[in-house]
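# Structural overview
Chain residues, written in single-letter form:
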Amino acid sequence: MKFIISHDIDHYYWSDHILKDLFIPKYIIKNTLFYLRRQIPFSLYKARMKAFDSNRFGRLSELVEFNMEHEVPATFFMGVRNALNLSYSHNTALHIANYFAQMRIPLCLHGISYNNFERMKSEKEEFNRITSGNPISGIRMHYLRNESETLKYIHRLNYDFDSTLYELRDPYFIENSHTIEFPVSMMEVYEIRYNEIDIEKVKKATLERIDKALRLGLTYFTIIFHDHHYSKSFPLHKEWYEWLIVYLKKAEAEFIDFTGASKLVREQMSEGPLNES
């Protein structure tokens, strides 16, 4: 089974959220309640409150450094529109795009609109303007939102691939098109609650899901980890990701990015049909 590592860029600066959404007050209230209810220790509560000492919320460079150190090819998904706590500016998106272009790391669209074709088309056009020359055309919807028409719109927009649906299933072609759906197999926010403190419990559940995928005979396993969780404010999330990558490396698991996986899936298609949506 090949592992695809991906990262959604939901946040960049803390200040992005001021006057745009309620993310910061919700963050403060939620963590304060966790502490008052004794669901998290004071050290963790303090670390999460100290996060405001720096305006920097995202941890792209640290995560990229870790991935490169462990020779893990990864794909990042960046938004170009604001909604649902994704609030960084157009200039920030341009800065992010330039960084990944310099690092030669694949960057794809983190889509906001999922049920309006014209808005989805506009997002793709804006993303292409910001990332001119980007060789890969892939998308994942923010919060994995989708409706019955979402995948149809995605293949009409001529994407190479989508990775939005959350299920244990191998990649397949959407609506008899050339667009491949890579289902999301695991995401850290589903594995780790914000008030979780038992890392061994999380590890056990993680290995059980991987084992289930192996029993189902899957050939690809797609993982999402959000870069802003790679920080001292979210030590369990950070530890989990580092543990998972090291565990898979020691198990001699094969890592592949969406570009390589897409090529292999298309080669398989030439030899025989894959399941279709």
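Structure first, text after, so check above.
Residues numbered from 1 in each chain as written. Predicted model: local features only at pLDDT ≥ 70, side-chain atom pairs only at ≥ 80, totals over all residues. Heavy atoms only, no water.

Within the chain one finds 10 helices and 10 strands. Over its C-alpha atoms the chain spans a radius of gyration of 19 Å, differing by no more than 12% from the 19 Å that the globule rule assigns to 277 residues. With respect to the principal axes defined by its C-alpha atoms, the chain has extents near 55 × 40 × 35 Å. The contacts of the chain with a sequence gap of at least 6 include a subset with a gap of at least 24, amounting to 71%. Here the chain displays about 13,400 Å² of accessible surface, and carbon together with sulfur accounts for 51% of that area. (Helix = DSSP H or I, 4+ residues; strand = E, 2+ residues; numbered from the N terminus. Rg over C-alpha atoms; globule rule 2.2 N^0.38 Å. Contact = heavy atoms within 4.5 Å. Areas by Shrake-Rupley, 256 points an atom, 1.4 Å probe, with all protein chains shown as cover.)

What follows deals with the environment of Ile29. Position of Ile29 relative to the elements: it lies in helix H1 (residues 23–36). Taking the C-alpha atoms as reference, Ile29 lies 35 Å from Phe221; in sequence the two are 192 residues apart.

Relative to the assigned elements, Glu188 resides in helix H7 (residues 188–191). One buried charged residue, Glu188, forms no salt bridge at all, with the nearest opposite charge on Arg140 at 8.8 Å. A polar contact of 2.6 Å, which involves the side chain of Glu188, links it to the side chain of His229. With residues near it in sequence (within four places) discarded, Glu188 still touches Ile224, Phe225, His226, His229, His237 and Trp240. (Buried < 20%, exposed > 50% of the residue type's maximum accessible area, 1.4 Å probe, protein only. Lys, Arg positive; Asp, Glu negative; His and termini not counted. Salt bridge = Lys/Arg side-chain N within 4 Å of Asp/Glu carboxyl O. Polar contact = N/O pair within 3.5 Å; in protein donor to acceptor, adjacent residues only side chain to side chain.)

A cluster of nonpolar side chains, Ile29, Leu33, Tyr35, Leu36 and Phe42, forms an exposed patch at the surface whose accessible area comes to about 480 Å². It is H1 that contributes the most residues to the nonpolar patch, 4 residues altogether. Given the relative accessible area of 52%, Ile29 is considered exposed. (Patch = residues over 30% accessible without salt bridge, like charges linked within 9 Å, V, L, I, M, F, W, Y side chains within 5 Å.)

Moving on to H1. Its 14 residues give H1 an end-to-end C-alpha distance of 20 Å, which sits within 8% of 20 Å, the value for a rise of 1.5 Å per residue. Within H1, the full set of buried residues consists of Phe23, Ile24, Tyr27, Asn31 and Phe34. In an axial view of H1, the angular spread of the buried residues amounts to 95 degrees, which keeps them on one side of the axis. Exposed residues pointing more than 90 degrees away from the buried face of H1 are listed as Lys26, Ile29 and Leu36. For H1, the elements touching its buried residues are helix H2 (42–50). Backbone geometry just after H1 places Arg38 at a positive phi near 60 degrees. (Expected span 1.5 Å × (residues − 1). Arc of directions from axis to C-beta.)

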